[in-house]
Structure formats: C-alpha cells, structure tokens
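Structure assessment
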Amino acid sequence: MIQAEGLTKYYGPHPAIVDVSFQVAEGEIVAFLGPNGAGKTTTMRILTGYLPATFGSAQVAGFDVAEQSMEARRSIGYVPEQVPLYTDMRVRQYLGYCGRLHGMSKAQMAERLEYVTDRCGLNGQLDAIIATLSLGYRQRVGLAQAMLHDPPVLILDEPTAGLDPNQIIEVRNLIKSLAGDHTVMLSTHILPEAQMTCERVMIIDKGQIIAVDRPEALTAQIRQAETLMVRVQNDTETVARQLQDISQVAAVRPAASPGAYYVDTEIGADLRAQIAEFIVNHGWGLLELRPVEMSLEDVFRELTTEEKGVA
Amino acid sequence: MRNALTIAGKELRSYFTSPLAYVVTVLFLGIIGFIFTLGILSRPQAQTDDLAGLFGTMVFVMLMLTPVLTMGLLAQEKSSGTIELLMTRPVRDWEIVIGKYLAAVALVLSILVLTLEMPLILEIGGDLDWGMVLSGYVGVVLVVMAFLALGLLASSLTSHQIAAALIGIFMLLFFWLIGWVSHSVSESLGDVFKHISVLENFLDFSKGIIDTKAIVYFVTLIGFALFATVRSLENRRAI
C-alpha cells in the first residue's frame, strides 16, 4: 500500500534522509520509530506530497507521489505533527472545508461527518470553535480531518505528542481500532508506544532505516538468550551455583534485590516449570518467577549504539 | 477551479470573522468620505473635476490598505502550519493562489461599491459625466487588483504577517514612485520607468480615457505577480 524506494532528501548540503526504502502492506499498522531529527517527518512529508524527494521514488495506493500527486493525495489522510487547524473556525466548518477540498458531495459529507464524529469521539463538539478546544480534542479533530474522505492510507506524525496520559491512551486505542480498515503509518519517538500500537516497527536513525520487523522479532534478533527472573525467600550462596547446574541454563546473574537472579537460558527453551519445581524441591521458597522481555528500548539502544560504533 | 472557489469562500468568511475586513472598510470609507466632503465644501460648483481627485485618493489609500488585507493570506498559513494541510489536499498550487486572490478581490470590490454614493451625490448637485465615472472605476479596480496580486506575492515570501505587509507596501510604493523618478533620469530610461509605473498607467483612466495599453499593463502585472506567487509556493516545497 505504501512503497518507498531509495528516498533521499537533501536540505542544502545536508541529507535529512538517505536511501530510505520500505513497504507497508494493506491494513497494516506500522510505526516509524526514531529520535527527534532522525528524518521521520521528512519521510512522511515526501509520502504526502508536501515535499519532493531529491532522489528516489514512492508510491501510495499504487500512485507515484511525484508523478500522480493528486491521485496519491486523495488516497492519504495526513495529520502533521503540528495539527493544521484554523482556530477561528468551528469544528463543523473546518471539517466541511476539508471535505470540499477533497471534492466530497453534500450527501457523502453528511454521512462521513457522522461516522468520523462518532469514531473520533467528537460528539457534542462539532459547534465548538477550535481555539477553545483542549489539545486532546484538537488531535481528534486532526484525525477526523484525516479520516473524513475515507482514505486507504493514514499517515500520522507524532499523533500523541503533547497529550496527557489519558488522552494518549484514547488516541492509541483509536489508532489500533483503525487496523484492517486503513493502512496506518505513524511516527513516534516513544518506544512503548510503537510496541503497543503497531504490528511492525521501522527504526530510523540519522536519516537511515536501521531495522524493520515485528516488535517481538526485533527483540529476539538482538537477544542472545531468553532470560527468566527468579526470586527466592531463603537465599543461600549455593542457589546461584545449583541453578547453573540445570541443563540448558546458560548463565545465572544476581539481580538488584536480595534473593533475585536472572537466569539466562538457551533460546527456545522454556524452563519455567522445571526451575519452579527445582526451587520448591530445595525448599528455597519461590517468591517470583517470570520471563524478562527485552523492551524495544533496549533494542533501540543496542541498534543505535551499534550504528555509532560503525561510524 | 472549484477548489479555488472553495478556498475563496473560506477566506472571505474568515475576513468577516476577524475584525480586519471591518477595520479596513471603515478606514477606507472614512478617509475617502472625509476628503470628498472637504472637496465639495471648498468648491461647491465643481463636479466632474472632483472625480479625478477622488479616484486618485482612492488608489492612494488602497496602496496602504491592500497589503494589510493580503498579508495573512499565505503568511499565516505558513506560521500556523495549515499550509501543510492545504498543500497535501488534492488541490493544485495555482488553485490555492487564485482562491486566496479571489477572496481579497471580492472584499475590495464590495468596499468600492460602497463608494458609489459619492458620484451619486455629485449627480444631485449638477450634471455628471458618467462615462468618466465608469473609466475612473475601471482604473481603480485594475490598480487595486494589481495591488492585491503584489500583496499576495509578498505574503508568500515570509511566514511573518507584519513583514508581509511591509514588503507589500514597499513593492506597491516602488511601482507607484517609479513614475516620479522618470522625470529625473535620461529620456529613454524615463520612458521605461513610466511604462512600468502604476501611477502613470492609472492617470488616463481618472481623466476619462480607457487605454488598451494600460489595460494590457495591469493584466500583465497581475499575471506576473500571481505567477510569481505560485512559483514561490512551489519553491517552498523544494527547500
């Protein structure tokens, strides 16, 4: 649904993105993850036709964003980082204006307005002047504007920036609920957000894509071993050594709190039942046993430090 | 073109939701009315002669007011980020420019309609040459349309409204004053200056002459300014 090939953009002599290529399948929700200034906004602006690429090409819904710009733009709903609102207008007027610019008829407009109002939780706010709305509602108006003409592709630049925690959760749930109906590409610099909302993550740093995969796969790719955390009540010096002797256990490291250990096991091995039984049999008093997930945050740090090492 | 009209409608509405349209209308009519009244009181006999002066005053007051009407048209969209909304809709750059321009033209034309009472008052006082009224208004409308096009160009050059207004006034003064300079330079250069001067091209209209050459001049100037505005928008994409 979205296809980018070798996108490169120079601002003067400085490249903002270099040779960015990726594909997004229909109905997928993909996060574009990277620190500020990594090139997320630039890439999105090229996809939406706001900026031309210096080199490379991109297609959205089968239309080349440079050659068939109007058709491509019709297929996209876009919310820039700074939500583009005319603050002197009422929500209804604003959405009406956006709809007319997409050539929607009155009848289409009435139907879609009801739908997006409902979907974006704007009931009762249609006649509010945009200037009086809270940030959370402004973000929703932005989303409503993007969904209004029922585009197959939604491109959302930092959709949760500046919102309070409750609003963030609402917006994330809204985005998740769009899966299937729309192909969604969102950018974020918040790692858990990408992990929570998206099926696939593209990590971009210094204008280059350095990893693309499902969040779980990304963590697995980096992780050398599966790790369990165990905590026992009757801690003795022999605990670590004896745990080490269980087959398929690669290493045992003491954790921060007393009686707690990280147990690294071979990849693919699930030793939880075995270890629990082992601890109980030795009468150590099992307090806690859980798998340790490597967070995207760790993956991200790992990938970006590697990158630094190369450079 | 439909998109241009949609944009024009939206701009026209926002002129009237802000105080700008009202302030400019009141200022313009106030100044023109004041000068017109002074003229009548000082020379009760004169009629048609007053018209030339009246049209000249209208144009000069518009020189200062039109950049204020156009300053926000593109500069504000840039500073608030809404330009990104507009430029990612299935709308061509020229439709954006024409839409904005039409809104400003419609507003100024409706302000000019309100000045029609002045020739009507002169008609009551005696007989009036309506042909001259017509040519005067044609001239004023052409000049003001050129001012608005140049003002829109100024608005496309910056994201700061006040800067846009100042650039606009500067450009209009250039096209106005270059006619004056024409007398103090060599004859051939002076001729060139005269030809590109808004003032020189306008003078015949206020005297009752509709000159095709002047019409071509204004249409060209408007076309150039609007074209440059479209290019300026495109250029912003290229940055």
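Residues numbered from 1 in each chain as written. Chains lettered and ligands numbered in written order. Predicted model: local features only at pLDDT ≥ 70, side-chain atom pairs only at ≥ 80, totals over all residues. Heavy atoms only, no water.

Things to note about the overall build of chain B
Heads up, the condition is: Strands are runs of DSSP state E lasting at least 2 residues, helices are runs of H or I lasting at least 4, and numbering of each runs from the N terminus. Every radius of gyration here is taken over C-alpha atoms, with the globule rule written as 2.2 Å times N^0.38, N being the number of residues. Residue contacts follow a heavy-atom distance rule, with two residues in contact if any of their heavy atoms lie within 4.5 Å. In this description, accessible areas are obtained by the Shrake-Rupley approach with a 1.4 Å probe, and a residue is regarded as covered only by the protein chains that are shown. Positive: Lys, Arg. Negative: Asp, Glu. His and the chain ends are not part of the count. Lys charges are placed at NZ, Arg charges at CZ, Asp charges at CG and Glu charges at CD.
Of the regular secondary structure elements, chain B holds 11 helices and 0 strands. Mapped from its N terminus to its C terminus, chain B presents α and β elements in the order α-α-α-α-α-α-α-α-α-α-α. The C-alpha atoms of chain B give 19 Å as radius of gyration, which agrees with the globular expectation for 239 residues (18 Å, within 12%). Taking the principal axes of its C-alpha atoms as reference, chain B extends roughly 60 × 45 × 30 Å. Here the analysis covers contacts within chain B between residues at least 6 apart in sequence; of these, 76% occur between residues at least 24 apart. Here chain B has roughly 10500 Å² of accessible surface; of this, 71% comes from carbon and sulfur atoms. The centroid of the 14 positive side-chain charges in chain B is displaced by 15 Å from the centroid of its 17 negative side-chain charges.

Looking at helix 3 (residues 91-101) of chain A
Residues and elements named next belong to chain A. Selection criterion: Think of it in three bands: residues with accessible area under 20% of the maximum for their type are buried, residues over 50% are exposed, and the middle band is partly exposed, with areas taken using a 1.4 Å probe on protein chains only.
Of all 11 residues in helix 3, 8 are buried, a share of seventy percent or more. If you check which residues of helix 3 are buried, you get V91, Y94, L95, G96, Y97, C98, G99 and L101. One or two positions beyond helix 3, positive phi appears at G103, with a value near 70°.

Details of the confidence of the model for chain B
All names here are of chain B. We apply this condition: Known as pLDDT, the predictor's per-residue confidence is scaled from 0 to 100.
The share of residues in chain B with pLDDT of 70 or more is 96%, and the mean pLDDT across the chain is 90. Within chain B, no element has a lower average pLDDT than helix 6 (residues 117-125), which sits at 82, and none a higher one than helix 5 (residues 93-113), at 96. Scored as a whole, the predicted complex attains pTM 0.83, and scored at its interfaces, ipTM 0.87.

Comments concerning the sheet that holds strand 5 (residues 63-64) of chain A
What holds strands together in a sheet is hydrogen bonding between their backbones, with the strands either parallel or antiparallel. All names here are of chain A. Selection rule: When DSSP finds two or more bridges between a pair of strands, those strands are recorded as paired. What counts as an axis is a line fitted to C-alpha atoms, over the stretch in contact for a helix, and the angles between N-to-C directions run from 0 to 180 degrees.
Judged by pairing direction, the sheet is antiparallel, and its 4 strands sit side by side in the order 2-1-4-5 without closing on themselves. Both outer strands of the open sheet, strand 2 (14-24) and strand 5, are each paired with one neighbouring strand and no more. As paired strands, strand 4 (residues 55-60) and strand 5 are joined by 2 bridges and run antiparallel to one another. Opposite V60, over in strand 5, you have F63 as the bridge partner. Lying over the sheet, helix 1 (residues 40-47) contacts strand 1 (2-11), strand 2 and strand 4, oriented at roughly 65° with respect to strand 2.

A look at the environment of Q167 of chain A
Residues and elements named next belong to chain A. Positionally, Q167 belongs in helix 6 (residues 165-177). Accessibility expressed as a relative area gives 17% for Q167, which makes it buried. For the pair Q167 and Y137, spaced 30 residues apart in sequence, the C-alpha separation works out to 8.8 Å. Ignoring sequence-local partners within four residues, the contact set of Q167 consists of S134 and G136.

Digging into the packing of helix 2 (residues 20-42) of chain B against helix 6 of chain B
Two packed helices can be described by the angle between their axes and the distance between those axes. Residue and element names in this part refer to chain B. For the record, the criterion: Angle categories are assigned with fixed cut-offs, so that under 35 degrees is roughly parallel, over 145 is roughly antiparallel, 65 to 115 is roughly perpendicular, and the rest are oblique. Put simply, a crossing is left-handed when the front helix is turned counterclockwise from the back one by less than a right angle, and right-handed when it is turned clockwise. In this classification, the charged set is Asp, Glu, Lys and Arg, the nonpolar set is Ala, Val, Leu, Ile, Met, Phe, Trp, Tyr, Cys and Pro, and all remaining amino acids, among them Gly, are polar.
It is at 11 Å that the axes of helix 2 and helix 6 come closest, and there the two elements cross at 15°. Classified by the interaxial angle, the pair formed by helix 2 and helix 6 is roughly parallel. The handedness of the crossing between helix 2 and helix 6 is right-handed. For the pair helix 2 and helix 6, the contacting residues are I32, G33, F36 and I40 in the first and M118, I121 and L122 in the second. Looking at side-chain class alone, the contact of helix 2 with helix 6 contains 6 nonpolar, 1 polar and no charged residues.

Brief notes about the interface of chain B and chain A
The cut-off we apply is this: Distance and chemistry together define a polar contact, namely a pair of N or O atoms within 3.5 Å, with one atom able to donate a hydrogen and the other to accept it when in protein, and with adjacent residues in sequence counting only for side-chain atoms on both sides.
On the side of chain A, 30 residues touch chain B, which itself brings 27 residues to the contact. The interface formed by chain B and chain A holds 9 residue pairs in polar contact (both at pLDDT 80 or more) in total. Mapped onto the side of chain B that touches chain A, the elements with two or more residues apiece are helix 1 (2-17), helix 3 (48-80), helix 4 (82-86) and helix 11 (212-238) of chain B. Among the elements that line the side of chain B that touches chain A, the one with the most residues is helix 1 of chain B, at 8 residues. Looking at the side of chain B that touches chain A residue by residue, the classes come out as 9 nonpolar, 9 polar and 9 charged.

Quick word on the nonpolar core
Short version of the rule: We call a set of buried residues a nonpolar core when its members are Ala, Val, Leu, Ile, Met, Phe, Trp, Tyr or Cys and they connect through side-chain atoms within 4.5 Å of each other.
The biggest cluster of nonpolar side chains holds 144 residues, and the ones touching the most others in it are F22 and Y94 of chain A. In terms of residue count, the dominant contributor to this core is helix 7 (residues 130-156) of chain B (15 residues). If near-sequence neighbours (up to four positions away) are discounted, F22 of chain A is found in contact with I2, Q3, A4, F32, T43, L47, M185, M202 and I209 of chain A. If you look at the next biggest cluster of nonpolar residues, it comprises 15 residues, including V239, L243, I246 and I279 of chain A.

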